[in-house]
Amino acid sequence: MIRIQNIYYMLSYAFQILKEGGYTSCASEEFENTADLLSAILTKGITTQIKRGLVREYKEQHDSLSCIRGKISLSESIKQQSITKQQLVCRFDDFSADSYHNRILKTTLESLLKADIPKQRKKGLRNLLIYFKDIGTLQPHEIDWNLHFNRQNQTYQMLLSICHLVLKGLLQTTSDGSVKMMQFLDEQRMSRLYEKFILEYYRKEHPEIHVSASQIPWALDDGMNFMLPTMQSDIMLSSNEKTLIVDAKYYSRTTQVQYDVHTLHSGNLYQIFTYVKNKAEGGGDVSGMLLYAKTDEVILPDTVYQMSGNKISVRTLNLDCGFSEIAKQLDDIVDEHF
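A quick note: this is a predicted structure, and the numbers were derived from the prediction, not measured.

Caption draft 1: Looking closely at unusual backbone geometry. Here the phi dihedral of Asn240 falls at roughly 55°; this positive angle occurs in a residue that is not glycine. As for its placement among the helices and strands, Asn240 is situated in the loop between β9 (235–239) and β10 (242–249).

Caption draft 2: Summary view of the sheet that holds strand β15 (residues 310–317). The strand order across the open sheet formed by six strands is β6-β9-β10-β13-β15-β14, and the pairing between neighbours is mixed. On the outer flanks of this sheet lie β6 (210–212) and β14 (303–307), each paired with one strand and no other. Neighbour to neighbour, the strand axes of the sheet diverge by 20° on average, direction disregarded. Taken together, the five bridges between β14 and β15 define a ladder with antiparallel strand orientation. If you follow Gln306 over to β15, its bridge partner there is Lys311. Lying over the sheet, helix α9 (residues 323–337) contacts β9, β10, β13 (285–293) and β15, oriented at roughly 170° with respect to β15.

Caption draft 3: Representation of the packing of aromatic side chains in the model. Counting across every chain of the model gives ten aromatic pairs. Each ring, one from Tyr8 and one from Tyr9, has its centre 5.6 Å from the other, and the planes form 65°; the classification is edge-to-face. Residue Tyr8 is classed as buried on the basis of its relative accessible area, which comes to 4%. Taken together, the ring pairs connect Tyr8, Tyr9, Tyr13, Phe197, Tyr201, Tyr202 and Phe323 into an aromatic cluster.

Caption draft 4: Focus on the environment of Asn102. Mapped onto the elements, Asn102 comes out in helix α4 (residues 100–112). Given a relative accessible area of 0%, Asn102 falls into the buried group. Each C-alpha atom of the pair Asn102 and Glu76 lies 31 Å from the other, and the pair is 26 residues apart in sequence. Apart from residues lying up to four places away in sequence, Asn102 is in contact with Leu54, Val55, Ala97, Phe132, Ile135 and Tyr156.

Caption draft 5: Representation of the nonpolar core. Counting residues in each nonpolar core, the largest one holds 79 residues, and the members touching the most others are Ile41, Tyr194, Ile198 and Tyr202. Ranked by residues supplied to this core, first place goes to helix α6 (residues 156–170) with ten residues. What Ile198 contacts, discounting residues up to four positions off in sequence, is Ile235, Ala248, Leu291, Leu317 and Leu330. Membership of the second largest hydrophobic core comes to 14 residues, among which are Leu264, Leu269, Val286 and Ile312.

Reading guide: rules and limits
- Residues numbered from 1 in each chain as written.
- Predicted model: local features only at pLDDT ≥ 70, side-chain atom pairs only at ≥ 80, totals over all residues.
- Heavy atoms only, no water.
- Helix = DSSP H or I, 4+ residues; strand = E, 2+ residues; numbered from the N terminus.
- Pairing = 2+ DSSP bridges.
- Axes fitted to C-alpha atoms, helices over the stretch in contact; angles between N-to-C directions.
- Contact = heavy atoms within 4.5 Å.
- Phe/Tyr/Trp six-rings, centres within 6.5 Å; stacked < 30°, edge-to-face > 60°.
- Buried < 20%, exposed > 50% of the residue type's maximum accessible area, 1.4 Å probe, protein only.
- Core = buried A, V, L, I, M, F, W, Y, C linked by side-chain atoms within 4.5 Å.

Quick look at the structure:
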């Protein structure tokens, strides 16, 4: 379980811009569900962006005009017989707000209107849509999320990341092909947010240790690494000769059950063990941790193993409490290992 309020704190570490003044009221506001929270964030963010000005880009247009603009398309003018109306078909560039980024924003705003959120929140979304009246929309499942940002549109980066969470994590297609809005992010999106939050929390709050999401080289005898998969850690904490590799796991169930016997997810344990042993070949004191988001299950893992000279621990992080308590749990891990 996770409190809606804590999703805001997780997002604020994943996107540092949320710690700016315009968003701080979200820290104390009560939200009914995740869609409500993301709606509030987008409302504040898009309002700020409108004050700055929606990003515009040049788009090619062609139309029948009485006054020449851009290049004349003679063949189109003859085909459409526009000359008889004393017009010519012209091709010209229009500096328009109807950009791909703005279309994603509008598509997300319209999708959130279908969500189970307070009427006052929906009113705020409708007020914003007034500024998007000349902007088109997209099919949510057809959006290309490989977006590029520059100095002109970098303020959109966080906004479009939130849009991605909404359209990919909250919108669900039902069996009859219709679309509905869920109240909570799906497990896949929460897993990525959970991992990103822990990484950025340690980067921000513990500058005394080196924090990264580093790749781990295979400890090979002959250097032959053909077709070996990349070992990509979620979080790696290092200080002096000590290293802790953390694998962040967000599952609906933290253990696997067979014949009423609870065991750890075998793949997770094999993975963290492999990471630790290969990293340890380079020297130093290396340990590993599987850090699960705590669920409402009765049996939860909380164990430390000594495996071939290295410590492998399995812990749960309680997200259904005040954020100060979450921070203390993460701080205690650093105190324990460093």
